[in-house]
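Observations on the model geometry
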Amino acid sequence: MMTMNRKNQRMMALKCVLLMLAVTPEIINGFSIHTTVTSTITTNNKPIRSATTTTTALHAKTPVGPIARAKKAMDPNDYNRVVERKMKMEKLTREQAEEEYNAFLENPGFYYSLDKKESYYKSLGYKDMLEGIVGEAEKEGKGDEVRERIENFRRESKIKAYGVLVFFVASFWYARTVYLSDPDNFLPGL
């Protein structure tokens, strides 16, 4: 009995170590420490030249997902080429360009473009993307037409969503009634 207990303890300790090894890189990647050093050159107690002041801060970084991490590891030249092009075209820092490219890799193009449109219309002063689309259409004189299309889209989406919910609720209700009618023969063989 004592051997089994020690074996379980060793197994539990091994699992804990493996978990720590798996999680530690994610925790480290989630934060970065930025430091700058102050140095002053003096002659006869008079400062001649000095560098920036010392600051240390802990900043949370945007986590890098598995697709972006794989792209960076498998094809670093292409990854760096795209990031550098993004830096030049949009005048971003390397960190900002990497965050944008990683967001693009993690989200399909459709969702990425929706995020970009949302931020574009918010930068124009609109509350959200739909309000921005209607506002811009009103400038062209097509506001009523665009509102009607958006309303039709919302109505169709609600009908589809409710249809899916009703289907799943009915399926579970049917499975429950079948189970309650004969619990011993419900899904035999599983």
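Sequence order as written defines residue numbering, which begins from 1 separately in each chain. This being a predicted model, a pLDDT of at least 70 is required before a residue's local features are given, and a value of 80 or more before pairs of side-chain atoms are given or counted; all residues contribute to the totals for chains, interfaces and linings. The basis for the side-chain values is all heavy atoms of the structure; hydrogens and waters are excluded.

Glancing now at the overall build of the protein chain. A run of H or I in DSSP becomes a helix once it reaches four residues, and a run of E becomes a strand once it reaches two; helices and strands are each numbered from the N terminus. For the protein chain, the helix and strand inventory stands at seven helices and four strands. In sequence order, the protein chain lays out its α and β elements as α-β-β-β-β-α-α-α-α-α-α. Burial status across the protein chain gives 13% buried among its 190 residues. The method behind every accessible area is Shrake-Rupley, applied with a 1.4 Å probe, and residues are considered shielded solely by the protein chains displayed. Approximately 16100 Å² of the protein chain is accessible, and the part contributed by carbon and sulfur atoms is 62%. Each residue is placed in one exposure class: buried if its accessible area under a 1.4 Å probe, protein chains only, is under 20% of its type's maximum, exposed if it is over 50%, and partly exposed if it falls in between.

On to helix α7 (residues 143-181), then. Turn by turn, an α-helix covers 3.6 residues, leaving residues three or four places apart pointing in a common direction. Between the first and last residue of a helix there are one fewer steps than residues, each counted as 1.5 Å, and that sum is the expected span. Compared with the 57 Å implied by 1.5 Å per residue over 39 residues, the 57 Å span of α7 between its first and last C-alpha is a close match. Of all the positions in α7, only Gly143, Val146 and Ile150 are classed as buried. Whether two residues touch is decided by their heavy atoms; if any such pair falls within 4.5 Å, the residues are in contact. Buried-residue contacts for α7 involve α6 (129-140).

With that out of the way, let us pick up the nonpolar core. Here, nonpolar core means buried Ala, Val, Leu, Ile, Met, Phe, Trp, Tyr and Cys residues that are tied together by side-chain atoms lying within 4.5 Å of each other. Listed in full, the six residues of the largest apolar core are Ala68, Tyr79, Val83, Ala97, Tyr101 and Leu105. Mapped by element, the contributors of at least two residues to this core are α3 (76-90) and α4 (94-106). At three residues, α4 tops the list of elements feeding residues into this core. Discounting chain neighbours no more than four positions away, the residues touching Ala68 are Tyr79, Asn102, Leu105 and Glu106.

Let's shift gears to the pattern of salt bridges. We define a salt bridge as a side-chain nitrogen of Lys or Arg found within 4 Å of a carboxyl oxygen belonging to Asp or Glu. This structure, assessed with the given rule, holds 11 salt bridges. Between Arg81 and Asp78 there is a salt bridge, with its nearest N and O atoms 2.4 Å apart. Taken together, the positions of Arg81 and Asp78, both in helix α3 and three residues apart, correspond to about one turn of that helix. The exposure class of Arg81 is partly exposed, given its relative accessible area of 40%. A residue is classified by how much of its surface remains accessible, and Asp78, at 18% relative accessible area, is buried. In this structure, Lys116 engages Glu100 in a salt bridge whose closest nitrogen and oxygen atoms are separated by 2.8 Å. One end of the pair, Lys116, is in helix α5 (residues 109-123); the other, Glu100, is in helix α4, with 16 residues separating them in the sequence. Overall, the relative accessible area of 33% leaves Lys116 in the partly exposed class. Salt bridges sharing partners connect three or more residues here, namely Lys86, Glu90, Glu100 and Lys116.

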